[in-house]
Amino acid sequence: MNHVSMRIDGVRYDDDVEPRLLLVHYLREVAGRTGTPVGCDTSNCGACTVLMNGVSVKSCSVLAVQADGAEITTIQGLANGEWHPLQRAFHEEHALQCGYCTPGMIMAAADLLRDNPRPSEQEVRDGLEGNLCRCTGYQNIVRAVLRVAGEMAGEQAGAAS
Amino acid sequence: MTAETVQEKEVGRARARKEDARLVTGQTNWTDNIQLPGLVHIAFLRSPLAHARITRADTSRAREATGVIAVFTGADLAAEQGSLPCAWPVTPDIVIPQHPPMAVDTVRYAGEIVAAVVARDRYAAADALEAIDVDYEELPPVLDMEEALAEGSPKVHEQGNKSFVWPFSNGDIEAAFRDAPVVLERTYRQQRLIPSAMEPRAVVCAPVGDEFTLWSATQIPHVLRVMLALVTGIPEHKLRVIAPDVGGGFGSKLQVTAEEVLALLIARRLGRPVKWTESRSEGNLAVHHGRDQIQRIRVAAGADGRLRGLDVDLLADMGAYLMLVTPGVPLLGAFMYNAIYKMDAYSFRCTGVFTTKTPTDAYRGAGRPEATFAIERVMDDLAAELGMDPLALRERNWIKHTEFPYTTIAGLTYDSGNYEAATAAARELFHYDELRKEAAERAAAGDPVRLGIGISTFTEMCGLAPSRILGQLAYGAGGWEHASIRMLPTGKVEAVTGSSAHGQGHETAWSQIVADELGVPFEDVRVLHGDTFVAPKGMDTYGSRSLTVGGIAVVAACGKVREKARVIAAGLLEVSPDDLEWSSGRWQVRGDPDQGKTIGEIALATFAAHNLPEGVEPSLDSDATYDPDNFSFPHGTHLCAAEVDTETGAVRLRSYVAVDDVGQVVNPLIVEGQVHGGIAQGIAQALFEEAAYDSSGTLVTATLADYLVPSAADLPAFVTSRTATPSTTNPLGVKGVGEAGTIASTPAVVNAIVDALRPLGVPDVPMPCTPERVWRAIREGAAR
Ligand code: FES
Ligand code: FES
């Protein structure tokens, strides 16, 4: 057993874990943060994407012990009093159907926009390549992400003027 | 409220979905999220071999492993596990082999369950699997359908490798082919596909005394409950089945699975709650697969392109066993090969074949994509043969909009349609003539990147299904759907539907319907589904049936609520019920609209029940069960432009236009989403996906690294539009949309690729049209 300590969605957790425990299983089964689902066992689907120290990671390919000391943000910690712009845009643009890919898709999109605040459509498509959705055909996901990029640019322009 | 307050109609509005609130915030209730006191975990040991006899299974080491509570083999459960059900014995002499949930002495596909471990946590359960020793005596795998049917082939089952032969014919097929100016014959292969819902399957089962609650990531909680009762002998009323939030299905969760039965039996044995969640690579082996057919299709036509006859001979791979509706899937296609076309004669024959592969069953479209692919591919080839424009050829043969209702050569009566309108709209959005011109120019110039145009003018049958037709087809259940409306004292409404959603947006769409039918705000309706204690009656969700059958049941139940409310309102207003008229959620006195009672006021009056008319029961709650008279027939025209690099074989989809006619639309946002997702899945079959086995019968595409579900980067943006020709067989005029895109898009894409390459002597490219296959087809074309 190894001791890990991390902050998940603003709350500090301290636990003894097996060294082989995956971060996603730590989140779901030890910390009870079940908002982050698991869709595969080969790091292909991205359903498990969370932010680790602000950067997106697939939490099925990180061990809990590797996250020791980290700040983790999951879909459950994204809203800040009100929905994050991506949550709102996914809802309004109908960017989800069954919603299984949605937590990972939104977290990956958050990281994508942090990296590239004004992406082109193709850049959004390429940037979300590691996140699979079986329901939507991606069109509305891309539209939602581009919309948030546009809103952010608008706000910046507004703030600058 | 006054009579002037006229509410805007909800049906037709692009409402953002109610269910999103939990889905975008991570508050979803997936089966794997469920935690219960004392919950233990099941892991299954699966056969690594395609075909073998089990000669020894030693579980003694596993039983001693840390955290292990119990280990079971097939022999341990043989007396109680029964046989997994097949509800569709399509012919009287069909061979339905025994299908024990856990193999007892023989395994017939790689991935079949041979043992189960129950342990304190999922890691311990997985570890202990490695401590089970199973000895096998290998038997020869049976992988190819044609070889399976040949004399002397090794047998999958004692009874042989043929499950059934199902014939259909109408008209004089020999006359149609005799002296026909043009006869084309083609063979297409529908590759095997893995449905790949993003949520892996999961089951939780909690026993309390002799009663059981089973949560499952299923599309069919109601059917599952009945079947589990029949298979295990647990009385149906002691079994509650819950489908919580379910992460996609596409047919793959329209099943009564070995894992569900075994979880129930193990929970009963142990008297404690159990959970099983599959890994993706386990799921790729064990979730039923889709398609896998060899289609021989012959078409006879006049020199003017008029279709005379169509002859289809189908081999359908059942895999190792018949699951819930396995044999019926290819037969749903039987009624669709003739598609939107008129012809003199049609003959169809399907042979169901056993192989030592994962069983097949419903996958998005189930039978109709296969049929549509074959006919639409042949129509493009026939146009090329005749030197006609493929749209003109279709127009020569399709049913004109003035000819509906039209009984097709396959015996279905299409109630409505307008193929002319959808095609005209698609043509314009696509810039058909310009693209044709560009394609011809590039071909003439010898451009190494060719442009091809693919067409699919599809129809399909949905709204499964009139019970009487299902009976004629020997299906084991009806096709009705149930709904109930509960009026709460405060005027809020609970709408209970038997159609259990897993991404389709029922909570939103049904709220819109109820809002209109009862004149209440959209926000005041809550839709309940997916729990057999809350929604005790239902036939569940598949075959694009929810709206066309379940939605109409909701309409009917609302109608009954209104009629009950009318009698009570009349009593309260001291007038005759005949003097009342319904207006925007209110019964009001004809000619004196200020005198009236809203549905909410009437609901409250039934709650108090102080002064209801004599003999009137104090409730507005109503149930309705709706059995459709006919299927519905969505249609559309999909056009695809593909650029094919003749040097590398790479295919790029340059544009994709879809004009669908799904009748009246309840929520355009949801409809558009269904179309997008459907197109993507059809493109995936055309270009990317294939469940491939090696010569020993091992699935080589067991992970998402090998089975190529497309990402956003692999797909283009789609241009979608609609025409609206209402269905005439239901009061909403709706037709269904869940499968349309998938049915339409596969042939559109492959037709585009073949169109680009036909000048190079390429007659066909087998699916999936990977760069390697396209490149090979070009080399072979050059050698011709
Ligand atoms: S669960 Fe992590 S990538 Fe699939
Ligand atoms: S919404 Fe179902 S997988 Fe993306």
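Residues numbered from 1 in each chain as written. Chains lettered and ligands numbered in written order. Predicted model: local features only at pLDDT ≥ 70, side-chain atom pairs only at ≥ 80, totals over all residues. Heavy atoms only, no water.

## Observations concerning the overall build of chain A
So, step 1. For chain A, the helix and strand inventory stands at five helices and five strands.
So, step 2. Helices and strands in chain A line up, N terminus first, as β-β-α-β-β-β-α-α-α-α.
So, step 3. At 16 Å, chain A has a C-alpha radius of gyration in line with the 15 Å of a compact globule built from 161 residues.
So, step 4. Expressed as lengths along the three principal axes of its C-alpha atoms, the size of chain A is roughly 50 × 35 × 25 Å. (Helix = DSSP H or I, 4+ residues; strand = E, 2+ residues; numbered from the N terminus. Rg over C-alpha atoms; globule rule 2.2 N^0.38 Å.)

## Some points on the interface of chain B and chain A
So, step 1. Taken together, the contact between chain B and chain A spans 55 residues of the former and 47 residues of the latter.
So, step 2. Here chain B meets chain A over a buried area of about 4300 Å², counting both sides, of which 54% is carbon and sulfur.
So, step 3. In terms of surface lost to chain A, no three residues of chain B exceed V24(B), Y123(B) and M198(B), which account for 18% of the buried area on that side.
So, step 4. Inspection of the chain B/chain A interface yields four salt bridges.
So, step 5. The salt bridge partner of D32(B) is R28(A), with a shortest N-O separation of 2.8 Å.
So, step 6. In this assembly, chain B and chain A are joined by 26 residue pairs in polar contact (both at pLDDT 80 or more).
So, step 7. Every element with two or more residues in the side of chain B that touches chain A is listed here: helix 1 (20–23), helix 4 (122–129), helix 9 (280–286) and helix 19 (668–687) of chain B.
So, step 8. Broken down by element, the side of chain B that touches chain A gets its largest block of residues, 10 residues, from helix 19 of chain B.
So, step 9. For the side of chain B that touches chain A, the class distribution of residues is 28 nonpolar, 18 polar and nine charged. (Contact = heavy atoms within 4.5 Å. Buried area = accessible area lost by both parts, 1.4 Å probe. Salt bridge = Lys/Arg side-chain N within 4 Å of Asp/Glu carboxyl O. Polar contact = N/O pair within 3.5 Å; in protein donor to acceptor, adjacent residues only side chain to side chain. Nonpolar A, V, L, I, M, F, W, Y, C, P; charged D, E, K, R; others polar.)

## Considerations on the sheet that holds strand 26 (residues 635–645) of chain B
Residues and elements named next belong to chain B.
So, step 1. Pairing within the open sheet is mixed, and its four strands lie in the order 18-26-27-28. Either end of the sheet is taken by a strand with one partner, and the two such strands are strand 18 (449–459) and strand 28 (719–722). Averaged over all adjacent pairs, the angle separating strand axes in this sheet is 10 degrees, with direction ignored.
So, step 2. Taken together, the 11 bridges between strand 18 and strand 26 define a ladder with antiparallel strand orientation. Residue G454 lies in a different strand from strand 26, and its bridge partner there is C640. (Pairing = 2+ DSSP bridges. Axes fitted to C-alpha atoms, helices over the stretch in contact; angles between N-to-C directions.)

## Side note on the environment of G550(B)
Residue and element names in this part refer to chain B.
So, step 1. Looking at where G550 falls in the secondary structure, it is placed in helix 17 (residues 546–573).
So, step 2. For G550, a relative accessible area of 0% puts it in the buried group.
So, step 3. Placed 11 residues apart in sequence, G550 and M539 show a C-alpha to C-alpha distance of 8.9 Å.
So, step 4. Look past the residues within four positions of G550 in its chain and what remains in contact with it is E481, W510 and R545. (Buried < 20%, exposed > 50% of the residue type's maximum accessible area, 1.4 Å probe, protein only.)

## Let's talk about helix 18 (residues 599–608) of chain B
Residue and element names in this part refer to chain B.
So, step 1. Of the residues making up helix 18, those classed as buried are I599, I602, A603, A605 and T606. The buried residues of helix 18 all sit within an arc of 160 degrees when viewed along its axis, so they share a single face.
So, step 2. In this structure, the buried side of helix 18 is in contact with strand 19 (481–487), helix 16 (506–518), helix 17, strand 22 (580–582), strand 23 (586–589) and strand 24 (592–598).
So, step 3. At the exit of helix 18 stands A609, carrying a positive phi of roughly 60 degrees. (Arc of directions from axis to C-beta.)

## Some words on the domain arrangement of chain A
Residues and elements named next belong to chain A.
So, step 1. The domain architecture assigned to chain A consists of domain 1 (2–76) and domain 2 (85–152).
So, step 2. Computed from C-alpha atoms alone, the centre-to-centre distance between domain 1 and domain 2 is 21 Å.
So, step 3. Taken together, the contacts link 18 residues of domain 1 with 12 residues of domain 2.
So, step 4. Contact between domain 1 and domain 2 buries roughly 1100 Å² in total, counting both sides, with carbon and sulfur atoms accounting for 60%.
So, step 5. Remark: the boundary between domain 1 and domain 2 carries zero salt bridges.
So, step 6. Counting across the domain 1 and domain 2 interface gives seven residue pairs in polar contact (both at pLDDT 80 or more). (Domains from an automatic or database assignment.)

## A closer look at the pairing of strand 11 (residues 239–242) of chain B
Residue and element names in this part refer to chain B.
So, step 1. Where strand 10 (residues 211–216) lies against strand 11, four bridges are found, and the strand directions are parallel. Looking at the pairing, F212 lines up with L239 of strand 11.
So, step 2. Following the chain from strand 10 across helix 7 (residues 221–232) to the adjacent parallel strand 11, one finds a crossover that is right-handed. (Right-handed = clockwise from strand over helix to strand, strands pointing away.)

## Examining the side chain of R450(B)
Residues and elements named next belong to chain B.
So, step 1. With respect to the secondary-structure elements, R450 resides in strand 18.
So, step 2. The side chain of R450 is buried and forms no salt bridge, while D447, the nearest opposite charge, is found at 6.1 Å.
So, step 3. A polar side-chain atom of R450 sits 2.8 Å from the main-chain carbonyl oxygen of D447.
So, step 4. In contact with R450, not counting residues within four places along its chain, are R442, A443, A642, E643, V644, T646, A756, P759 and L760. (Lys, Arg positive; Asp, Glu negative; His and termini not counted.)

## A closer look at the packing of helix 7 of chain B against helix 8 (residues 258–270) of chain B
All names here are of chain B.
So, step 1. Put simply, helix 7 and helix 8 touch, their axes get as near as 11 Å, and they point 60 degrees apart. Regarding the angle of helix 7 to helix 8, the classification is oblique. Seen from above, helix 7 lies across helix 8 with right-handed handedness. On helix 8, the residues that touch L224, L228, V231 and T232 of helix 7 are E260, V261, L264, L265 and R268.
So, step 2. Here the contact of helix 7 with helix 8 is built from residues that sort into six nonpolar, one polar and two charged. (Parallel < 35°, antiparallel > 145°, perpendicular 65-115°, else oblique. Left-handed = near helix turned anticlockwise from the far one by under 90°.)

## Focus: the packing of helix 2 (residues 85–92) of chain A against helix 3 (residues 102–115) of chain A
Residues and elements named next belong to chain A.
So, step 1. In contact at an axis separation of 10 Å, helix 2 and helix 3 are set at 125 degrees when each is read in the N-to-C sense. As judged from the angle between their axes, helix 2 and helix 3 are oblique. Where helix 2 crosses over helix 3, the handedness of that crossing is right-handed. Taken together, the residues of helix 3 that come into contact with helix 2 (itself represented by L86, Q87 and F90) are T102, M105, I106, A109, A110 and L113.
So, step 2. Its residues assigned to classes, the contact of helix 2 with helix 3 shows seven nonpolar, two polar and no charged.

## Describing the packing of aromatic side chains
Residue and element names in this part refer to chain B.
So, step 1. Scanning the entire structure with this criterion turns up 15 aromatic pairs over all chains.
So, step 2. Here the aromatic rings of Y109 and Y321 are separated by 6.3 Å at their centres, their planes lie at 75 degrees, and the arrangement is edge-to-face. Separated by 212 residues along the polypeptide, Y109 in the loop between strand 4 (106–107) and strand 5 (113–119) and Y321 in the loop between strand 14 (307–319) and helix 10 (328–334) bring together distant segments of the chain. For the pair Y109 and Y321, one class covers both residues: buried. (Phe/Tyr/Trp six-rings, centres within 6.5 Å; stacked < 30°, edge-to-face > 60°.)

## Some points on the domain arrangement of chain B
So, step 1. Domain annotation of chain B identifies domain 1 (20–26 + 480–626), domain 2 (47–139) and domain 3 (365–461 + 632–783).
So, step 2. Averaged C-alpha coordinates put domain 2 of chain B and domain 3 of chain B at centres separated by 41 Å.

## A look at the nonpolar core
So, step 1. The biggest cluster of nonpolar side chains holds 199 residues, and the ones touching the most others in it are F90(A), Y337(B), F348(B) and I753(B).
So, step 2. Counting residues in each nonpolar core, the second largest holds 40 residues, with V514(B), A570(B), W587(B) and V589(B) among its members. (Core = buried A, V, L, I, M, F, W, Y, C linked by side-chain atoms within 4.5 Å.)

## Some thoughts on the pattern of salt bridges
So, step 1. Inspection of the entire model under this criterion finds 78 salt bridges over all chains.
So, step 2. Counted as one network, the salt bridges with shared partners bring together R186(B), R377(B), D381(B), D389(B), R436(B), D755(B), R758(B) and D764(B).

## Structural notes on the pairing of strand 26 of chain B
All names here are of chain B.
So, step 1. With 11 of 11 residues buried, strand 26 lies mostly within the body of the structure.
So, step 2. The alternating pattern of strand 26 places H635, T637, L639, A641, E643 and D645 on one face and G636, H638, C640, A642 and V644 on the opposite face, and all of these are buried.
So, step 3. Inspection of the sheet shows strand 26 paired to strand 27 (residues 651–661) by 10 bridges, in the antiparallel sense. Bridged to V644 within strand 27 is V651.
So, step 4. Following strand 26, the chain reverses through five residues before pairing antiparallel with strand 27; G649 in that reversal takes a positive phi of roughly 80 degrees.

## Details of unusual backbone geometry
So, step 1. Geometrically, the link from L464(B) to A465(B) is a cis peptide bond, its omega value of -10 degrees lying close to zero.
So, step 2. As for its placement among the helices and strands, A465(B) is situated in the loop between strand 18 and helix 15 (467–472).
So, step 3. P768(B) follows M767(B) through a cis peptide bond whose omega is -5 degrees.
So, step 4. As for its position among the elements, P768(B) is in the loop between helix 20 (740–757) and helix 21 (771–783).
So, step 5. One non-glycine residue with positive phi stands out, namely D9(A), at about 50 degrees.
So, step 6. With respect to the helices and strands, D9(A) occurs in the loop between strand 1 (2–8) and strand 2 (11–17).
So, step 7. In this structure, D292(B) is a non-glycine residue whose phi angle is positive, near 70 degrees.
So, step 8. Examined against the element boundaries, D292(B) turns out to sit in strand 13 (residues 290–301).
So, step 9. For D292(B), a relative accessible area of 3% gives the class buried.

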